[in-house]
Amino acid sequence: TVPRRAFTLREFSMPRNLILGTAFNYGIEQVRVFVESLRRHYDGEAILLVSSRSGSELADYLRRRGIRGVAFDCAYWMTVDLQFARYIRYAELLREATQPHDRVMLSDVGDVLFQADPFAGLPDGELLLFLEDERTRIGDSPARHSASQT
């Protein structure tokens, strides 16, 4: 006989993953490689922090690609560094989520090219950290140059 036990809804649902990045003062050309390569391999939730001064073209482009653009501006008088302040905003976005995420990836934007689903095949662990491989720099990679032509 098969033992009876209660199953949670989470055991039968798709993982709820999220990618967060900052594209402050970037235009479409600066985010295109990130966005197009991401959408080629991943169709889940993604949010980019953008300047409210970025304009409607960037907002429309992100919306068409299924990426949520969130205005992120610090007051001119704030001395908080953008590199620090973005993590505070990421935490606020995660706290505002109506359901928890299984995995969250914090990523650079301007120099990132996705070659596969970023969540596929990850090892177990609550915190995973990755660095660019010293042997092959992204800026020197032929894959980056061909992806930027799309």
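In this text the structure is predicted, and so the values were computed from the model without any measurement.

Draft legend 1. Expanded view of unusual backbone geometry. Even without being a glycine, Asn-25 presents a positive backbone phi close to 60°. Assignment of secondary structure puts Asn-25 in the loop between strand 1 (17-22) and helix 1 (28-41).

Draft legend 2. Expanded view of the packing of aromatic side chains. Under the criterion given, the structure shown has four aromatic pairs. Relative to Phe-72, the ring of Phe-24 lies with its centre 6.3 Å away and its plane at 80°, an arrangement referred to as edge-to-face. Of this pair, Phe-24 sits in the loop between strand 1 and helix 1 while Phe-72 sits in the loop between strand 3 (68-71) and helix 3 (82-96), and the two are 48 residues apart along the sequence. With relative accessibility at 6%, the residue Phe-72 sits in the buried group. Here Phe-34 and Phe-114 contribute two aromatic rings whose centre-to-centre distance is 5.2 Å and whose plane-to-plane angle is 70°, an arrangement assigned as edge-to-face. Here the residue Phe-34 occupies a position in helix 1, and Phe-114 occupies one in the loop between strand 4 (103-107) and helix 4 (142-147), the gap between them amounting to 80 residues. For the pair formed by Phe-34 and Phe-114, the shared burial category is buried.

Draft legend 3. Up close: the side chain of Asn-17. Following the sequence through the fold, Asn-17 ends up in strand 1. Judged by its relative accessible area of 14%, Asn-17 falls in the buried class. In terms of polar contacts, Asn-17 uses its side chain to reach the backbone amide nitrogen of Arg-103, at 3.4 Å. Setting aside residues no more than four positions away along its own chain, Asn-17 makes contact with Tyr-42, Glu-45, His-101, Asp-102, Arg-103 and Phe-119.

Draft legend 4. Geometry of the packing of helix 1 against helix 2 (residues 56-64). At a closest axis distance of 11 Å, the pairing of helix 1 and helix 2 adopts a crossing angle of 10°. In terms of orientation, helix 1 lies roughly parallel with respect to helix 2. Contacts between helix 1 and helix 2 pair Ile-28, Val-31, Arg-32, Val-35 and Glu-36 from the former with Glu-57, Leu-58, Tyr-61 and Leu-62 from the latter. Residues that form the contact of helix 1 with helix 2 fall into these classes: six nonpolar, no polar and three charged.

Draft legend 5. Focus on the environment of Ser-52. Secondary-structure assignment places Ser-52 in the loop between strand 2 (45-50) and helix 2. Given a relative accessible area of 48%, Ser-52 falls into the partly exposed group. Each C-alpha atom of the pair Ser-52 and Phe-72 lies 6.6 Å from the other, and the pair is 20 residues apart in sequence. In this view, Ser-52 contacts Ala-71 and Asp-73; residues no more than four positions away in its chain are not counted.

Draft legend 6. Structural view of the nonpolar core. Core analysis: the largest hydrophobic core is formed by 18 residues, its most contacted members being Ile-19, Phe-34, Val-35, Leu-38, Leu-48 and Leu-62. When residues of this core are traced back to their parent elements, those giving at least two are helix 1, strand 2 and helix 2. Among the elements that make up this core, the one with the highest residue count is helix 1 (four residues). Among all residues touching Leu-38, those that are not within four sequence positions of it are Ile-19, Ala-46, Ile-67 and Phe-114. Formed by nine residues, the second largest nonpolar core is a distinct cluster that contains Leu-49, Phe-72, Ala-85 and Tyr-90.

Reading the values: rules and limits
Residues numbered from 1 in each chain as written. Predicted model: local features only at pLDDT ≥ 70, side-chain atom pairs only at ≥ 80, totals over all residues. Heavy atoms only, no water. Helix = DSSP H or I, 4+ residues; strand = E, 2+ residues; numbered from the N terminus. Phe/Tyr/Trp six-rings, centres within 6.5 Å; stacked < 30°, edge-to-face > 60°. Buried < 20%, exposed > 50% of the residue type's maximum accessible area, 1.4 Å probe, protein only. Polar contact = N/O pair within 3.5 Å; in protein donor to acceptor, adjacent residues only side chain to side chain. Contact = heavy atoms within 4.5 Å. Axes fitted to C-alpha atoms, helices over the stretch in contact; angles between N-to-C directions. Parallel < 35°, antiparallel > 145°, perpendicular 65-115°, else oblique. Nonpolar A, V, L, I, M, F, W, Y, C, P; charged D, E, K, R; others polar. Core = buried A, V, L, I, M, F, W, Y, C linked by side-chain atoms within 4.5 Å.

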